[in-house]
Amino acid sequence: MQLREVTFQRFEEEAQEMGITLPIEQTQAWAKLEGTIEGRSQWGCFRITDDLGTDGEKTVALISFADYLTHGYHYLRAHHAPVWVGEPTPEQESAALDAISSYVRRRDRKQAFVRLSVKAELSQTSPVLSGIPYDRTVIIDVTGGDDAILARMKPRGRRDVRKALREAPVTCADETERASADFSEYYDVMRETGERDGFAPAPMSDYQDMIRILGPERCRVMAGREEGGRVVTWSLITISGTRGVRYYAASRNETMRKHVTDKLLYFECCELGRLGCTDYDLMAIGSDFSPALMGLNEFKTKFTKEVAEVAPDRDLPLKTGFYNALQSMQRVRRQRREAAQAKAEAARRSQPREDLLPVILGGDISVYAYGREFHEAYHVRSHAMNQAFIGAIEHSEIFELELTDSIEPAELARRITELAEANPSKKLPVIASTDALVAALEEISDQLPQNVLLPIPSRDAHRRACDKREFAAACAKLGLPTPRTEVVSLAGAGKPAPCGLPFPVVAKPACTAEYSHLYEQGFEKVYSFESQEGLDTLWRRLREAGFDGDFLVQERIDGDDTHMGALTFYVGRDGSMQAFGAAQTLLEDHAPTMRGNAVAMVCRVWPDLMEKCQQLVAELGYTGLGEVDVKRDPKTGEWLFLELNPRVGRNSYYMAAAGVNPMRAMVTDLVDGRGKRLYVADEPALYTLVPQGLLERYIADPELLAEVRQLVADGRVFDPQRYDADRGVRRMLDVELTEKNQVRKFARFYPERTDTSF
């Protein structure tokens, strides 16, 4: 391949002749804009050609470079280029990189590297020194008129847009001319957005220059104004050919929960369609390649049923030694910056929050995990209420304990009210450790003082989420796979019909909160049966115990414990997911009343499952803390959705180990009223409640076993009970005894690994 330089006029003509829509950054108009920025200048436009032998050569891609001078060195920048005539193969991309490298070295020896878009991960390239590249985006089809645009959205997107059209208190309009005359009111909204989301906006002149130089044919400003005329949300959109790109967007804090952005974005889609555009690129969502952008996914992906893959930015080093030195300096600067930030954050967080009094209901290991999460985040002691506590809590320094005679709703209401009235200057977030306790909070939610805060869903959303039949119906509506299921009602005296599913099957209660009191009578959380006889015996025993609720019988999905997964989250009051973590189970507790509780997990980043989880909680109208159980079918590799728990569960600390404390996310939203961004737990971590030797006995996959051992070697092992700030001798003795008891439990209930986990 070769580079053939052409004029900008010819560059754009060739693109038109070949039917290529150039990104705005590859146009002459953009080159004029960049020419106004100090240290930037146009370097050249090129055809990338492929030698056809005796038939000459053909153009396979177009690319325009700008020269960037920064920190005393030069590099070339090719935004969203090469622009290929067709989809390139990795071999073609590699050949093009060689041609670019050879040409630039010959022509301009001062260039340190080239930054350009390369889809394949090739040996010639390195991750970018700066910026956040992305390989996925959302592109909305804006053809066919307003109704067609709406019809092509996901159900969640259509629902939110319709709600916004009915209720969002803004009027939307194309305000390009108004913004050209005076950008100050729009910039004020951008400043507020930057303070909220943790970034520094560019100088106001940058936005003004963009609007002025690109002109109304290539740049539009659309905005939403409240009744008094104040701008509360706006977007700056670039247009090149038939594609619009949402380049910048901003919104005021107080209107974010009123769907004003949904209304504006739909307005933009419709207006762009009327302007002759066919596509609207929302620019960047998160993926495995760019997990830092995951917070964008929930909002953007609801407006289309597909996501688009794009070539991410990569660096092509030219001066290899110098580039390596730049990488080293970058690492040093980053380490220093992170150390300074960590020191400042530690100083800020070292002081207890005097306005916060967490209340935790229950007495098991999940309660200790919640208390540790609050203590790590805010240096506060939590107030735990229950009839009894495990030793790790009883001898802890991070709890105030209150023994109760009962955990019935009326008694909980009385005790929580007394505590709240005794602490009128504090906010009391109340966290429940079991489904039954969440159900109790639902019952008393309207009886509690105003300074009591409950991170739980509405009663209707709670019912829909916790009733496994309703859960399955919501999954079916969204196309989320679940095991085949039958519902068996034990009300009345009639004999339940024989199971219509092929054996083996599993059986579990449709609503855990209505069943959990039977554990003390020897009933189990989940049953596995090989024949109808086993089911009939269970139905008889349940009726004899007075149970008249519903049970679910499901096809048994085989696969050992490592096929299980957990999706843990916090959904804010505005309905947006604000914290998310995922983990692959390594080993579950196999005691009859504890089945389904993981005792060892490795943290994962699963963008696809996160998006599906976001869709599910939106469909259910769910807010608050929660956790979804999933299982990978070994026959198909597909993840099946099993159930949603209205709490983060006993293993919530795996999220904190992976970098996102769920209690901090909850307090930020529910107490401080600042919740918006989605934080994704993406740091490598091994979470375990059992000794390493015991865990390794049950891991059959050699790659998974090697990963566990590497995490141990790297010091990335976390047990919520082992907390350096709470290492009293008596408490640690309880922890040691608990771990030793795990060895005895597994020897009794699950002495050898099985392919079914039963």
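Preceding this paragraph is the structure being described.
First, a word on scope: everything that follows refers to the structure included in this document. (Residues numbered from 1 in each chain as written. Predicted model: local features only at pLDDT ≥ 70, side-chain atom pairs only at ≥ 80, totals over all residues. Heavy atoms only, no water.)

### Quick notes on the sheet that holds strand S8 (residues 139-141)
Then, in step 1: One open sheet accounts for 6 strands, arranged S8-S13-S12-S11-S10-S9; its pairing is mixed. The strands lining the two open edges of the sheet, one partner per strand, are S8 and strand S9 (171-174). Strand-to-strand, the axes of this sheet are offset by a mean angle of 25°, without reference to chain direction.
Then, in step 2: One ladder, built from 7 bridges, connects strand S10 (residues 219-225) with strand S11 (residues 231-240); its direction is antiparallel. Within the sheet, the bridge partner assigned to Ala223 lies in S11 and is Trp234.
Then, in step 3: Against the sheet, helix H7 (residues 184-197) engages S10, S11 and strand S12 (243-251), with an angle of about 75° to S12.
Then, in step 4: Contacting S8, S9, S10, S11, S12 and strand S13 (279-281), helix H9 (residues 260-274) crosses the sheet at an angle of about 30° to S11. (Pairing = 2+ DSSP bridges. Helix = DSSP H or I, 4+ residues; strand = E, 2+ residues; numbered from the N terminus. Axes fitted to C-alpha atoms, helices over the stretch in contact; angles between N-to-C directions. Contact = heavy atoms within 4.5 Å.)

### Examining the packing of aromatic side chains
Then, in step 1: Tallied over the full model, the rule gives 33 aromatic pairs.
Then, in step 2: Centroid distance Phe183 to Trp234: 5.4 Å. Interplanar angle 80°. Geometry classified as edge-to-face. You can see Phe183 sitting in the loop between helix H6 (176-181) and H7 and its partner Trp234 sitting in strand S11, a full 51 residues away along the chain. Here the two residues Phe183 and Trp234 agree in accessibility, since each one is buried.
Then, in step 3: Lying over the aromatic face of Tyr378, Arg353 brings its terminal NZ or CZ to 5.3 Å of the ring centre.
Then, in step 4: Above the face of the Tyr378 ring, Arg664 is positioned so that its terminal group lies 4.8 Å from the ring centre. (Phe/Tyr/Trp six-rings, centres within 6.5 Å; stacked < 30°, edge-to-face > 60°. Buried < 20%, exposed > 50% of the residue type's maximum accessible area, 1.4 Å probe, protein only. Lys NZ or Arg CZ within 6 Å of the ring centre and 35° of its normal.)

### Observations concerning the environment of Ala658
Then, in step 1: The topology assignment puts Ala658 in the loop between helix H20 (653-657) and helix H21 (662-670).
Then, in step 2: C-alpha separation for the pair Ala658 and Val553, spaced 105 residues apart in sequence, amounts to 35 Å.
Then, in step 3: Among all residues touching Ala658, those that are not within four sequence positions of it are Cys603, Ala681, Asp682, Glu683 and Ala685.

### Observations regarding the sheet that holds strand S20 (residues 452-453)
Then, in step 1: Strand order in the open sheet formed by 5 strands is S18-S17-S16-S19-S20, and the pairing between neighbours is parallel. Single-partner strands in this sheet number two, and they are strand S18 (399-403) and S20.
Then, in step 2: The pairing of strand S16 (residues 359-361) with strand S19 (residues 428-432) spans 3 bridges and is parallel. Residue pairing for S19: Ile360 is matched across the bridge by Ile431.
Then, in step 3: In the packing of helix H12 (residues 365-378) onto the sheet, contacts are made with S16, strand S17 (382-386), S18 and S19, and the angle to S16 comes to roughly 165°.

### As for the packing of helix H5 (residues 155-167) against H9
Then, in step 1: Packing of H5 against H9 brings their axes to within 8 Å, and their N-to-C directions diverge by 100°. Judged by the angle between their axes, H5 and H9 are roughly perpendicular. Contact residues: Asp160, Val161, Ala164 and Leu165 in H5; Asp262, Lys263 and Tyr266 in H9.
Then, in step 2: Residue composition of the contact of H5 with H9, grouped by class: 4 nonpolar, no polar and 3 charged. (Parallel < 35°, antiparallel > 145°, perpendicular 65-115°, else oblique. Nonpolar A, V, L, I, M, F, W, Y, C, P; charged D, E, K, R; others polar.)

### Overview of H21
Then, in step 1: Extensive coverage of H21 is indicated by the burial of 9 of its 9 residues.
Then, in step 2: Buried residues of H21: Pro662, Met663, Arg664, Ala665, Met666, Val667, Thr668, Asp669 and Leu670, and no others.
Then, in step 3: For H21, the capping residue at the N-terminal end is Asn661, with a side-chain oxygen 2.9 Å from the backbone nitrogen of Met663. (Polar contact = N/O pair within 3.5 Å; in protein donor to acceptor, adjacent residues only side chain to side chain.)

By themselves, these figures tell us nothing about what the structure is for.
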